[in-house]
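Breakdown of the fold
Next come the chains, spelled out residue by residue.
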Amino acid sequence: MRYYHRHSFFPLVVIVLTILLGALIAITVLPNEEPTRVVDEETSVDAGSYRENLTNIVREFENGFSQAVDGAGQKRAGAQALQALLDLRVPAEYKNLHLELAVFLSSVESGSTISDPLGTLQTIVETYPWLYSHHIMK
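Counting starts from 1 at the beginning of each chain's written sequence and moves along it residue by residue. Where local features are concerned, this predicted model is filtered to residues with pLDDT of at least 70; where side-chain atom pairs are given and counted, the filter is 80 or more; whole-chain, interface and lining totals use all residues. For the side-chain quantities, the full set of heavy atoms in the structure was used; hydrogens and water were omitted.

1. What to know about the nonpolar core
Of all hydrophobic cores here, the largest spans 25 residues; its most connected members are Leu 54, Phe 61, Leu 97, Leu 101 and Leu 131. Listing elements by their share of this core, those giving two or more residues are helix H2 (47–67), helix H3 (71–86), helix H4 (95–110) and helix H5 (117–127). Of the residues forming this core, the biggest block, 7 residues, is contributed by H2. The contact criterion used throughout is that any non-hydrogen atoms of two residues lie within 4.5 Å. Those residues within four positions of Phe 61 in sequence are excluded, and the remaining contacts are Ala 77, Gly 78, Ala 81, Phe 104, Leu 105, Val 108 and Leu 121. Remark: nonpolar core denotes a set of buried residues (Ala, Val, Leu, Ile, Met, Phe, Trp, Tyr, Cys) joined through side-chain atoms within 4.5 Å. Note on exposure labels: buried denotes an accessible area under 20% of the residue type's maximum, exposed denotes more than 50%, and partly exposed covers the range between, all computed with a 1.4 Å probe on protein chains only. A run of DSSP states H or I qualifies as a helix once it reaches four residues; a run of E qualifies as a strand once it reaches two. Both are numbered from the N-terminal end.

Here it is, written out as structure tokens:
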């Protein structure tokens, strides 16, 4: 008796699925090229305006922190100052200061144990003397 073999489409299905999987992997792994944003002089950040806004944020933080009667009030002062700080556009020359203040305010907001938050702020202000205001306490 002769055996008749039925042809199956299974190998063809495996090949097609393998090709589709390879295409899906290639699409997700290859970087998407987005057009680079060109910053012209009109959109550049004014350093003087940044310094003025930052001085106001530091002053408001210090006042809110000093007037807080409990830890929740201090955290709230840190959160408000951090949000105001994150809303600012930063000139290139002040990126380190901005990051330093953001880390400091984030630790205040989270309630991390900073032994002397106003002392830490005073250290930052001493590094950048233009931030100094008569409202900053030791």
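2. Section: the environment of Ser 49
If you trace the backbone, Ser 49 turns up in helix H2. Among the residues examined, Ser 49 registers a relative accessible area of 32% and is labelled partly exposed. In this structure, the C-alpha to C-alpha distance between Ser 49 and Leu 88, residues 39 residues apart in sequence, is 9.9 Å.

3. Quick notes on the packing of aromatic side chains
Aromatic rings from Phe, Tyr and Trp, with only the six-membered ring used for Trp, were paired whenever their centres fell within 6.5 Å, and each pair was classed as stacked if the ring planes differed by under 30 degrees, edge-to-face if by over 60, and tilted otherwise. Taken as a whole, this structure holds 4 aromatic pairs when the rule is applied. Taking the centre distance of 5.5 Å and the plane angle of 40° together, the rings of Phe 61 and Phe 65 count as tilted. Linking Phe 61 with Phe 65, this pair stays in helix H2, spanning 4 residues, or about one helical turn. Neither residue differs from the other here; Phe 61 and Phe 65 are each classed as buried. By way of ring pairs, the aromatic residues Tyr 50, Tyr 94 and Trp 130 are connected into one cluster.

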